[in-house]
Amino acid sequence: MKKLLLIILPITLIVGLVLGVIIGINCSSKTEDKSFYSIGLPEGGEYDPNEIIIQVITNYDSGYNFENQGINFSFSDNESGAIHPYRNEFSATMKTVLPSDKTYDGDWQKFHESIIKSSIGCCIAEFTHYGTNGYTGSWTFHVKDVIYGTVPDETVRVIEEHKNTSNLSYGYERGHEYLLFFSYRGYSEVYNQLCYRFEGGALFDLTAMNNLKWHGGNIVLDENVTRDEFIGYIENLAGKYGFNKK
């Protein structure tokens, strides 16, 4: 019996040691995977605007006239004077996703092509928090109302690397409500929720209603255009011409 124990004990110790090493390696690899997310999510992939699956919503006026609504698009340098905390480190630009051979009958069509068509959703949301995590910025919004698309959470968190973020994204004011256009990014283990990216470099302050900018320039409203009419204008664009179904 003693001889049998002498044989079994060393074998048991060796097996236990091997199992301990294997478990330790697995735990270490999981920790490394977690650390990947701690420095920010990877950049969203490039996509061809012609491959976007357009989804059309029915809640709009099919006879809506976009030309005579007192909403004008001014194309100018809208990023001068904007504060970018990493301006010296990165060149911050937003790419305009437009087919090079496309022609437009109106500026509203270009606005649709470069923002709404590529977005998966739009909502009225209050800006609540901004923070940095390495080379990545995090913008948090509390959703008040959905204009189009599916907004799965009461909170929308935008995750973007500073080098690919529009200067306008640093102009959000805490407590103000914005018309937020966003695209799907992916799941973040850091925040334990879905995260998104800004679409079109838009900064539409619905609280002030005097700070309506996007990466193509400014939006100028006639004095008699109300907040609800402006939102309805955007909703009708998405309804008549569609948005990204992804």
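Conventions and cut-offs
Residues numbered from 1 in each chain as written. Predicted model: local features only at pLDDT ≥ 70, side-chain atom pairs only at ≥ 80, totals over all residues. Heavy atoms only, no water. Phe/Tyr/Trp six-rings, centres within 6.5 Å; stacked < 30°, edge-to-face > 60°. Helix = DSSP H or I, 4+ residues; strand = E, 2+ residues; numbered from the N terminus. Buried < 20%, exposed > 50% of the residue type's maximum accessible area, 1.4 Å probe, protein only. Contact = heavy atoms within 4.5 Å. Axes fitted to C-alpha atoms, helices over the stretch in contact; angles between N-to-C directions. Parallel < 35°, antiparallel > 145°, perpendicular 65-115°, else oblique. Expected span 1.5 Å × (residues − 1). Pairing = 2+ DSSP bridges. Salt bridge = Lys/Arg side-chain N within 4 Å of Asp/Glu carboxyl O.

Side note on the packing of aromatic side chains
Tallied over the entire structure, the rule returns 26 aromatic pairs. Here F141 and F198 contribute two aromatic rings whose centre-to-centre distance is 6.2 Å and whose plane-to-plane angle is 90°, an arrangement assigned as edge-to-face. Separated by 57 residues along the polypeptide, F141 in strand β4 (residues 136–149) and F198 in strand β7 (residues 193–198) bring together distant segments of the chain. There is no split in this pair, since F141 and F198 are both buried. Each member of the aromatic cluster is reached from another via a ring pair, and the members are Y64, F66, F73, W108, F111, F181, F204, W214, F230, Y233 and Y241.

Brief notes about unusual backbone geometry
Of note, the phi angle at N192 is positive, near 55°, even though the residue is not glycine. For N192, the position within the fold is in the loop between β6 (177–188) and β7. What makes N192 exposed here is its relative accessible area of 57%. For M209, which is not glycine, the phi torsion reads 55° and is therefore positive. For M209, a relative accessible area of 23% translates into the label partly exposed.

Quick notes on the side chain of H176
Residue placement: H176 occurs in the loop between β5 (155–161) and β6. The contacts of H176, once residues within four sequence positions are left out, are A125, E126, F127, D205 and T207.

Section: the packing of helix α2 (residues 107–116) against helix α3 (residues 227–241)
Remark: α2 packs on α3, axes separated minimally by 11 Å, with the N-to-C direction vectors making an angle of 75°. It follows that α2 is roughly perpendicular to α3 by the angle criterion. Contacts between α2 and α3 pair W108, F111, H112 and I116 from the former with Y233, I234, L237, A238 and Y241 from the latter.

Comments concerning α3
Between its terminal C-alpha atoms α3 stretches 22 Å, which fits the 21 Å expected from 15 residues at 1.5 Å a residue. What α3 keeps buried is the set F230, I231, G232, Y233, I234, E235, N236, L237, A238 and G239. Remark: G242 follows α3 within two positions and exhibits a positive phi of approximately 90°.

Let's talk about the pairing of strand β2 (residues 71–74)
Of the two faces of β2, the one lined by I71 and F73 is fully buried and the one lined by N72 and S74 carries no buried residue. For β2 and strand β10 (residues 217–221), the ladder comprises four bridges, and the chain directions are antiparallel. Counted as the bridge partner of N72 is V220 from β10.

Quick word on the pattern of salt bridges
A full pass over the atoms with the stated rule returns five salt bridges. Among the ionic pairs, E126 bridges to K144, the shortest N-O distance being 3.3 Å. Residue E126 is found in strand β3 (residues 121–133), and its partner K144 is found in strand β4; the two are separated by 18 residues along the sequence. Notably, a salt bridge pairs K163 with E161, separated by 3.9 Å at the nearest N-O pair. A residue is classified by how much of its surface remains accessible, and K163, at 38% relative accessible area, is partly exposed.

Any functional reading would require information that these geometric values do not contain.
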